[in-house]
Amino acid sequence: MQAIGFYLALPFLYLISILPQWMLYGLSDFICFLLFHVVGYRKKVVQQNLRNAFPDKTDAERDLIMRDFYHYLCDLFLETFKTLTMSKSFALRHCTFNDQALKLFDHYFQAKKSVIIVMGHFGNWEWSGNAFSLQCRQQLYVIYHPLVNPYYNKLIVDMRMRFGTKLIPMHDTFKEMVRNRGEINSTAFIADQTPSPEKAYWTTFLHQDTPVFWGTEAIARKLNYPVVYASVYKVKRGYYSIAAETLFEEPKDTKEGEISETHTRKLERDIQQHPSIWLWSHRRWKHQRPSGI
């Protein structure tokens, strides 16, 4: 059944990918209307997340963020499948590094240093991988969760690898990073996923108790790779800009929790400044902090 559903959907996904922009975003507006007004996709989750994250905002302000978020979510969904057929020139026009970020990654390449990139589900993280592989000289690896459906998993993997990016399944992260130590590379971690509450670093994020994966910090300290925080800002519809800054040059010298706390604060800052382009439909706060932590 999984194969039948996948192969029935595949022609439509390729059709979406070849649509001109005006048609792509017209379709996005229609899907947004259905999701928001007809289906109400995860509307209660989004509303609750926004109430908890922005208690000082009015209902009208949160409602505006929510509406903008649904437009962003639908754009992101269709933009992701645009990757199936987008050209290199299209990718370079629509997702670019600012000058400071390019200089930062070029500096580490010249210094023959591999780095760890920390980012969140913010902006268009899918297009940012394409942009990195086309504009930066070091090999990019992205840590990912394999999908349950093997057909869609292969499709997503192929899309992400089109321009040279390589993927590492999450459970193989440290082993593969050790294996790749002979090359100059950058390994990207999406840091705002939901770990097991008992094995997480706990902090306050957007006014709520929040678990953070220890893995990013633990690997950075073991390998002593510089930790770089990256943000993918929306410039206008269909166009994104990537900024980057070094958080820690020598992670082995940090205190326990310092790296996790710092990159969490950076993402919080980005979300507060640009609240509509974070993944509010994600059930980020489904766990409670265990007693004694």
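The following paragraphs examine the structure supplied in this document. These numbers were taken from a predicted model, which means no experiment stands behind them.

1. Notes on a nonpolar patch on the surface
- A contiguous nonpolar surface patch, about 580 Å² in accessible area, is contributed by Phe30, Phe33, Leu34, Val38, Val39 and Tyr41.
- Positionally, Phe33 belongs in helix H2 (residues 21-39).
- A residue is classified by how much of its surface remains accessible, and Phe33, at 47% relative accessible area, is partly exposed.

2. As for the sheet that holds strand E1 (residues 95-97)
- A sheet is described by the order of its strands in space; here 7 strands give the open sequence E1-E9-E8-E2-E5-E3-E4, paired in mixed fashion. Strands at the two margins of the open sheet, each flanked by one partner only, are E1 and strand E4 (166-169). Averaged over neighbouring strand pairs, the angle between their axes works out to 30° when direction is ignored.
- Alignment of strand E2 (residues 115-119) against strand E8 (residues 227-236), held across 3 bridges, turns out to be parallel. Bridge pairing in E8 places Ile117 opposite Val228.
- Of the strands in this sheet, E2, strand E5 (185-190) and E8 touch helix H10 (residues 215-223), which is tilted by about 165° from E2.

3. A word on the side chain of Thr173
- Looking at the secondary structure, you find Thr173 in helix H9 (residues 173-179).
- Note on Thr173: relative accessible area 6%, which makes it buried.
- Of the polar contacts made by the side chain of Thr173, one reaches the backbone oxygen of Met170; its length is 2.6 Å.
- Excluding residues within four positions of it along the chain, Thr173 makes contact with Ile143, Ile168, Phe189 and Ile219.

4. Overview of the packing of helix H3 (residues 43-53) against helix H4 (residues 59-82)
- Remark: H3 packs on H4, axes separated minimally by 10 Å, with the N-to-C direction vectors making an angle of 130°. Between H3 and H4, the angle falls in the class oblique. The two elements H3 and H4 cross, and the hand of that crossing is right-handed. On H4, the residues touching Lys43, Val46, Gln47, Leu50 and Arg51 of H3 are Arg62, Ile65, Met66, Phe69 and Tyr70.
- Here the contact of H3 with H4 is composed, by residue class, of 6 nonpolar, 1 polar and 3 charged.

5. Here's the deal with the environment of Trp280
- Structurally, Trp280 is set in the segment after helix H11 (258-273).
- Overall, Trp280 belongs to the buried group, its relative accessible area being 0%.
- Those residues in contact with Trp280 that sit more than four places away from it in its chain are Val45, Val46, Asn49, Leu50, Ala53, Phe54, Ile65, Phe69, Leu206, Ile271, Pro275 and Trp285.

6. Considering the side chain of Gln193
- Here Gln193 lies in the loop between E5 and strand E6 (200-205).
- Of the polar contacts made by the side chain of Gln193, one reaches the backbone oxygen of Ile190; its length is 3.3 Å.
- Setting aside residues no more than four positions away along its own chain, Gln193 makes contact with His121, His145, Pro211, Phe213, His282 and Arg284.

7. Description of the pairing of E4
- Sheet topology places strand E3 (residues 139-144) next to E4; 4 bridges connect them, and they run parallel. The residue bridging Tyr141 from the neighbouring strand is Lys166, located in E4.
- Handedness of the crossover joining E3 and E4 through helix H8 (residues 150-160): right-handed.

8. A closer look at H10
- Listed as buried for H10 are Thr216, Glu217, Ile219, Ala220 and Leu223.
- With its phi angle positive at about 55°, Asn224 sits one or two positions after the end of H10.

Calculation notes
Residues numbered from 1 in each chain as written. Predicted model: local features only at pLDDT ≥ 70, side-chain atom pairs only at ≥ 80, totals over all residues. Heavy atoms only, no water. Patch = residues over 30% accessible without salt bridge, like charges linked within 9 Å, V, L, I, M, F, W, Y side chains within 5 Å. Areas by Shrake-Rupley, 256 points an atom, 1.4 Å probe, with all protein chains shown as cover. Salt bridge = Lys/Arg side-chain N within 4 Å of Asp/Glu carboxyl O. Helix = DSSP H or I, 4+ residues; strand = E, 2+ residues; numbered from the N terminus. Buried < 20%, exposed > 50% of the residue type's maximum accessible area, 1.4 Å probe, protein only. Pairing = 2+ DSSP bridges. Axes fitted to C-alpha atoms, helices over the stretch in contact; angles between N-to-C directions. Contact = heavy atoms within 4.5 Å. Polar contact = N/O pair within 3.5 Å; in protein donor to acceptor, adjacent residues only side chain to side chain. Parallel < 35°, antiparallel > 145°, perpendicular 65-115°, else oblique. Left-handed = near helix turned anticlockwise from the far one by under 90°. Nonpolar A, V, L, I, M, F, W, Y, C, P; charged D, E, K, R; others polar. Right-handed = clockwise from strand over helix to strand, strands pointing away.

In short, shape yes, function no, at least from these values alone.
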